[in-house]
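If you want the building blocks of each chain, they are given just below.
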Amino acid sequence: MLTYILRRLLLAIPLMLAVVICNFLLITFAPGDPVTLLVGDYPAPEEYVRQVRAEYGLDQPIPVRLASYLGQLAVGNLGYSFANRVPVFQLITQRVGATLLLTLTALTLSSIVGVLLGVIAARQHNKPIDLVASAGALIGYAIPEFWLGQLFILLFAVGLGWLPSQGMRSSRSVATGWADLSDVAWHLVLPAFALSLRYLALITRITRVAMIEVLSSDYIRTARAKGAHERSVLLIHALRNAAAPVVTVIGYNLGFVLAGSALVETVYSWPGIGRLLFESIGKRDYPVLTAILLMVSLTVVIANLITDLVQGWLDPRVRNA
Amino acid sequence: MRNLTKNPRAFGSFMVIAFFLLMAFAAPLLAPFDPFLGGSNSLQPPGSGFLLGSDHLGRDVLSQVIYGSRASLLVGLLAAFSASAIGLSVGSVSGYLGGWFDNITMRVAEFFQTLPRFVLAAIIVAVFGGGLFKIIIVIALLGWMQTARVVRSQVLRLRDAAFVEAATQLGASQFRILRTHIVPNVMASVIVTASLDIAAAILLEGGLSFFGLGDANLVSWGGMLNQAQPYIRQAWWMAFFPGMAITLVVLAFNLFGDGLNEVFSPRKHD
């Protein structure tokens, strides 16, 4: 297991470097003066523009520029956002919590409900429940999450008036402690459900297929024949073996949940990275855009790494391959 | 083809796709109004004057939905076609050659597949500028991986098949073997994957337009949803119909892909 972990870590490092270099190439080869991409389209003081030009050595050959770019990243310098008048690093750390709350809630929700629905559908293979779940999964996978967000607003906020439709907290709320927490949870319901439906559909589909395959295998028949309890057959014998593809889908889709979050946050004015992305595109605030790209890609590399490690822990064949 | 009409999933979804294709081609004939022409009748509910209501500038929602099918289908079809061409080339060469080339391309493909395409596409379009053509290129460049991986795994299997062995013994060149013996045998899976890619490309285009990154000269469903957002409390129809259109088209292409898969490999689905 230890060599497996080390090998995976060694693979992740060049990948991270590749991500950083791609980001650098994007800045370097974008049309116009590269300094615009480091400073943004917002009118910045001439002095600062000169300072950035010197810091990143923009008059130097490309390898030198790459080196100074890496150097700046190493000390956590992601640039300064003149549109927001704060360092980009600070801007992102302010927003990252809201996005993590939304995406992790959605991912947890869709994983638990998706696995549950998939198992139920597989057990009832070709019976009404299975057909309904499969059809629902197909439709759920086709609905754009941002439109679903708008539909939820129409239904639950405008129509029924049950839930709030904008923001993460009630406006002018001064609540603290439990009251604040429940206020946030209240605001979280609609965006989290809107974001989770597509992954819920996907996870249901994958779990169902994996479980159908496993449930028809010989050792399940053996387990049943020796009189094992149906629940233990499902949970211990079957699900553990069906877990590999499901874990892959959940882990490898974190990136897509992040992307979906960008759209859903925009619909609900959720104060996260996605909303920041939307605003920064409007303001042509390039340093923020490239920083988001970098951060999201690195998050995906790390999520893939964790997925691989869980895979190796679940399945000895993976770690000894 | 006969099998296609017998498969209800493939046939039903094909009819929906044909309906939207017809809509896109005949948009000027079908649309009751000019989709760009505003008027004083803003935010009218569906009914008498406007079948699906009017938007905040008094434009007819139905006409916009009809014209919007053009942007969605054009981007979906062209991006998926280009992505399939790239994926087919990369996948077949990678699978046939094997070795380090295969190793590296598959690592790259795997990694690109897990990156959030929407965020990537949004930032690239924001930095390099929009326009239909650039959007298609960006979506295609971010969407070839699944095809490449599917093709590669099939080529690996075919490479050792008897008829490929025979062609090699007869002295056929590597390129000839790829072109005449291997590629025709993987086309079925390429077409299935392409259908799913069309659906993904249409969703991606919808998201980009929703972010205001679509082609400003065209009506697009995502763009309509963007404009509906501030009026969501007053005019549900502005959001409801374009979103419904995206969902129907995406669902149809996904189902079509599934159906084709059943038609092409009947043994697996008895």
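Residues numbered from 1 in each chain as written. Chains lettered and ligands numbered in written order. Predicted model: local features only at pLDDT ≥ 70, side-chain atom pairs only at ≥ 80, totals over all residues. Heavy atoms only, no water.

Another point: the overall build of chain B. In terms of helices and strands, chain B carries twelve helices and zero strands. Of the regular secondary structure in chain B, the N- to C-terminal order runs α-α-α-α-α-α-α-α-α-α-α-α. Along the longest, intermediate and shortest principal axes, the C-alpha atoms of chain B span 75 × 45 × 30 Å. Counting all 270 residues of chain B, 53% fall into the buried class. In chain B, the proportion of contacts linking residues at least 24 apart, taken out of those at least 6 apart, comes to 72%. Carbon and sulfur atoms form 65% of the exposed surface of chain B, whose accessible area is close to 12,300 Å². Of the charged side chains in chain B, 17 are positive and 13 negative; the average position of the first set lies 6 Å away from that of the second. (Helix = DSSP H or I, 4+ residues; strand = E, 2+ residues; numbered from the N terminus. Buried < 20%, exposed > 50% of the residue type's maximum accessible area, 1.4 Å probe, protein only. Contact = heavy atoms within 4.5 Å. Areas by Shrake-Rupley, 256 points an atom, 1.4 Å probe, with all protein chains shown as cover. Lys, Arg positive; Asp, Glu negative; His and termini not counted. Charge placed at Lys NZ, Arg CZ, Asp CG, Glu CD.)

Before going further, it helps to spend a moment on the nonpolar core. Counting residues in each nonpolar core, the largest one holds 138 residues, and the members touching the most others are L277 and I292 of chain A together with F118 and F211 of chain B. Looking at this core element by element, the count peaks at 15 residues for helix α12 (residues 236-264) of chain B. With near-sequence residues (within four places) excluded, F118 of chain B lies in contact with A259, A262 and L263 of chain A together with L204, G207, L208 and F211 of chain B. With 17 residues, the next largest nonpolar core counts A122, I203, L234 and V249 of chain A among its residues. (Core = buried A, V, L, I, M, F, W, Y, C linked by side-chain atoms within 4.5 Å.)

Contacts between the two partners involve 47 residues from chain A and, on the opposite side, 39 residues from chain B. In total, chain A and chain B occlude about 3,800 Å² of area from one another, counting both sides; carbon and sulfur atoms represent 78% of this. Three residues, F146, W147 and Q150 of chain A, lead the burial of chain A against chain B; their summed loss comes to 15% of the area buried on that side. For the pair chain A and chain B, the interface holds one salt bridge. Of the charged contacts, one joins R205 of chain A and D258 of chain B as a salt bridge, the two residues approaching to 2.9 Å between their closest N and O atoms. In this structure, the connection of chain A to chain B is made through five residue pairs in polar contact (both at pLDDT 80 or more). Elements represented by at least two residues in the side of chain A that touches chain B include exactly α1 (2-29), α6 (128-142), α7 (145-159), α8 (177-215), α11 (254-268), α12 (273-283) and α13 (286-314) of chain A. (Buried area = accessible area lost by both parts, 1.4 Å probe. Salt bridge = Lys/Arg side-chain N within 4 Å of Asp/Glu carboxyl O. Polar contact = N/O pair within 3.5 Å; in protein donor to acceptor, adjacent residues only side chain to side chain.)

Taken over all residues, the pLDDT of chain B has a mean of 85, while the share at 70 or more is 97%. Taken together, the chains of this predicted complex give a pTM of 0.88 and an interface ipTM of 0.86. (pLDDT = per-residue confidence, 0-100.)

Among the residues making up α12 of chain A, those that are buried are I273, G274, L276, L277, S280 and I281 of chain A. The buried residues of α12 of chain A all sit within an arc of 155° when viewed along its axis, so they share a single face. At its buried positions, α12 of chain A is contacted by α5 (88-123), α11 and α13 of chain A together with α6 (117-128) of chain B. Count one or two residues on from α12 of chain A and you reach R284 of chain A, which has phi positive near 50°. (Arc of directions from axis to C-beta.)

Glancing now at the side chain of D130 of chain A. All names here are of chain A. For D130, the position within the fold is in helix α6. Among the polar contacts listed, one links the side chain of D130 to the backbone nitrogen of N126, at a separation of 2.7 Å. Sequence-distant contacts of D130, defined by excluding residues within four places in its chain, comprise A121, Q124, H125 and R208.

Here we take up the layout of surface pockets. Taken as a whole, the second largest pocket holds about 940 Å³ of empty space. Lining the second largest pocket we find 37 residues, and of these A18 and C22 of chain A together with F111, F112 and L115 of chain B sit closest to its centre. Where the lining of the second largest pocket is concerned, the elements lending two or more residues are α1 and α13 of chain A together with α5 (99-114), α6 and α7 (132-141) of chain B. Looking at the lining of the second largest pocket element by element, the count peaks at eleven residues for α1 of chain A. (1 Å grid on protein atoms, 1.4 Å probe; cavity = no way out; pocket = protein on both sides within 12 Å on 5 of 7 lines; lining within 4 Å. Points joined across faces, edges and corners; volume = space filled by probe spheres on them.)

This part covers the pattern of salt bridges. Applying the stated rule across the entire model yields ten salt bridges over all chains. Linked by salt bridges that have partners in common, R205 of chain A together with R9, D258 and E262 of chain B make up one network.

Before going further, it helps to examine the packing of helix α2 (residues 8-25) of chain B against α12 of chain B. Residue and element names in this part refer to chain B. Orientation of α2 relative to α12, taken along the N-to-C sense of each, is 140°, at an axis distance of 8 Å. As far as their axial angle goes, α12 and α2 are oblique. At the point where α2 passes α12, the crossing takes the left-handed sense. Together, R9, A10, S13, F14, V16, I17 and F20 of α2 and A245, L248, V249, A252, F253, L255, F256, D258, G259, L260 and E262 of α12 make up the contact between the two elements. Split into classes, the residues belonging to the contact of α2 with α12 amount to 13 nonpolar, two polar and three charged. (Axes fitted to C-alpha atoms, helices over the stretch in contact; angles between N-to-C directions. Parallel < 35°, antiparallel > 145°, perpendicular 65-115°, else oblique. Left-handed = near helix turned anticlockwise from the far one by under 90°. Nonpolar A, V, L, I, M, F, W, Y, C, P; charged D, E, K, R; others polar.)

Considering all chains together, one arrives at 15 aromatic pairs over all chains under this definition. An angle of 25° between the planes, with centres 4.6 Å apart, marks the rings of F146 of chain A and F210 of chain B as stacked. A residue pair is termed interchain when its members come from two chains, as with F146 of chain A in helix α7 and F210 of chain B in helix α10 (residues 174-210). You can call F210 of chain B buried: its relative accessible area is 2%. The structure contains a cluster of three or more aromatic residues connected by ring pairs, namely W147 of chain A together with W236, W237, F240 and F241 of chain B. Sitting above the plane of the Y141 of chain A ring, R198 of chain A keeps its charged end 4.5 Å from the centroid. (Phe/Tyr/Trp six-rings, centres within 6.5 Å; stacked < 30°, edge-to-face > 60°. Lys NZ or Arg CZ within 6 Å of the ring centre and 35° of its normal.)

Before going further, it helps to examine unusual backbone geometry. All names here are of chain A. One non-glycine residue, N126, lies in positive phi territory at about 70°. The class of N126 is exposed, set by a relative accessible area of 55%. In this structure, S269 takes a positive phi of about 50° despite not being glycine. Turning to its location among the elements, S269 is positioned in the loop between α11 and α12.

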